[in-house]
Amino acid sequence: MRRLVRFGIQYIVAEQLLRRPPRPSAMYRSALSGVTSKSRRPLRCPFFSPFRAETPIISSVSPSPGLESRLPIPSNRFSSFRDPPSRASFAPSICFPDWSPGLRRRVVSRTRGLCGGSGDRETLEYDVVIVGAGPAGLSAAIRLKQMCLKRNADLSVCVLEKGPEVGAHIISGNVFEPRALDELIPQWRHEGAPIEVPVSSDKFWLLTENHSLQLPSPFDNKGNYVISLSQLVRWMATKAEEVGVEIYPGRVTLLAEGCRGSLSEKMIRAHKLREKVQGQHQTYALGIKEVWEIEEGKHKPGSVLHTIGWPLDMKTYGGSFLYHMSNRQIAIGLVIALNYRNPYLNPYDEFQKFKHHPAIKPLLMGGTVLEYGARTLNEGGFQSIPYSVFPGGAIIGCSAGFLDVPKIKGTHTAMKSGMLAGEAAFRTLVEGATMETYWDNLKKSWIWEDLKRARNYRPAFKYGLIPGLTFSALERYVFRGRLPLTLKHGKPDHEATDIASLHAPIQYLKPDGQISFDVPTSLYRSNTNHEHDQPAHLHLRDSTVPELVNLPLYAGPESRYCPARVYEYTPDENHGLKLHINAQNCLHCKACDIKDPKQNIEWTVPEGGGGPGYTIM
């Protein structure tokens, strides 16, 4: 009998429902209440009242007579991966794909709701549920279905995505290394993949306030491409559906969540997955990005530039990127490690200041910003990888932390980890193996080899910019990753923040409206939207900490580290200051969940697919 890889859904449902107010959530109601195992029972939670649903709910696999006529079937949920849906189409909805005749679906009709009680509903069952339609999740789904076709096995696979459309919440630099895609879809060059601009130059600058010094480039981008990752995952979604994967946007993400996945972190803590392999804590950075359309004469498709140094101080790790895409578009951004010490540092304003550098500003003059966004990224590397298997499932992609820091790339490693997890799921279901084969094969893969070789680059910079550059040069050009020691990370990012009295406030110039912009203007360009009447998805564990600790000791750093002005201190009735949370502005970057000095802010998944609406990021 086939066994279901359930990916810990029952645990996750309980975790989510226990901490939510007693209000029906469209997201959980539409996604989790119907996703069930082959036991023919819906997921149940004894701690929460039943939900009611007005539409059929998904759960798994051989359509019952007449069901197709009752399910809404969109004509094309992905539109074109180059021309994504308009913002007006980003309303959350329950989407059902066309019924593929190659899949056996069994509809368990009129089953009960999440916790029993009244409220009959249709459910569909799946062998494998992969939640998160990013490069890791889609690669896992595609590889699993490829193995099914090769071995003539019949396993149903469903991908759930928290964004309103596939790609809407995806943001990355992105200089793409096609290594994993070559393995996954070898003919991608002939199948319309939005990968068209090869790297044509690869430069690395050290910036001072008014000058730039060219250094040897350590990134080795020959054979790589400048792409939009949000466009790539939309294309991958079409390839996944071609092999029988079903994808449902507008749901909750679980274990392929990307960096600092809220549920992945819960699984890591609950099962002590870092302790199991003596892993160190994860370290993070915040990346802020804009896509511009520049003048034709300034555009050099495939040109790649990275910088370090100014505008950051000598003790703050970070750098910038500038990639020339197609159609006169460039991607420009600044990445700042979140273990910075000065609580007055404002990553958003540092990015605006960076664009005024004499070597950067002329390129942007006369151009137009098309899109803005921000996201945290893992920088812990090899030392911080947790044991990536838990009872019933696995953690893949950036949720596990497979970013290659020296390369500043994680898409290819995320895809490869997804492929390995898909293979392990297939062997678990068909051959009677266990999901531990994923961990075993991960350690034998080029992911493990690459990350181990790069393990000392990031922690070397805890000693400052010049010592970090010196050690990294020795590691790359002399020892080549074979140094017989492994450096440890410094303090966790939230503990690295100094008290405000040790620093002077930083005075930032007012945006000029041409090169630099205020936060509301940038936020508009991110297409961010949340339903205003939903419960706030940003929670304070102790409501007194902002006024009693963060404000007097750290000068209210949450008002600065957030790149969307979600957190503001406003006057209260007692002529003091009180923290106000503008949750509707949230870009889902997760910086608050990481950098708050007392870890008092918890980021949770919002209802209804809300968040940014990226199209070319």
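In what follows, the accompanying structure is described. (Residues numbered from 1 in each chain as written. Predicted model: local features only at pLDDT ≥ 70, side-chain atom pairs only at ≥ 80, totals over all residues. Heavy atoms only, no water.)

### Some points on the sheet that holds strand 5 (residues 157–160)
- Here we have 3 strands laid out as an open sheet, ordered 4-5-11, and parallel in their pairing. Two strands in the sheet have a free side with no partner beyond their single neighbour: strand 4 (128–131) and strand 11 (246–248). Strand-to-strand twist across the sheet, computed as the mean angle between neighbouring axes with direction ignored, equals 20°. (Pairing = 2+ DSSP bridges. Helix = DSSP H or I, 4+ residues; strand = E, 2+ residues; numbered from the N terminus. Axes fitted to C-alpha atoms, helices over the stretch in contact; angles between N-to-C directions.)

### Side note on the pairing of strand 5
- Neither face of strand 5 is left uncovered, since the one carrying Val157 and Val159 and the one carrying Cys158 and Leu160 both have all their residues buried.
- Strand direction decides the pairing type here: strand 4 and strand 5, joined by 4 bridges, are parallel. The partner of isoleucine 130 across the bridge, within strand 5, is valine 159.
- In this fold, the crossover linking strand 4 to strand 5 by way of helix 4 (residues 135–151) has right-handed handedness.
- Pairing between strand 5 and strand 11: 3 bridges, direction parallel. Paired with leucine 160 across the two strands is tyrosine 248, which belongs to strand 11. (Buried < 20%, exposed > 50% of the residue type's maximum accessible area, 1.4 Å probe, protein only. Right-handed = clockwise from strand over helix to strand, strands pointing away.)

### Quick notes on the environment of glutamate 191
- Note on placement: glutamate 191 falls in the loop between helix 5 (179–184) and strand 7 (197–198).
- Among the residues examined, glutamate 191 registers a relative accessible area of 34% and is labelled partly exposed.
- Considering only alpha carbons, one finds glutamate 191 and tryptophan 235, 44 residues apart in sequence, at a separation of 9.6 Å.
- Once residues lying within four places of it in the same chain are set aside, the contact partners of glutamate 191 are Ile185, Trp235 and Lys239.
- A polar side-chain atom of glutamate 191 sits 2.7 Å from a polar atom in the side chain of lysine 239. (Contact = heavy atoms within 4.5 Å. Polar contact = N/O pair within 3.5 Å; in protein donor to acceptor, adjacent residues only side chain to side chain.)

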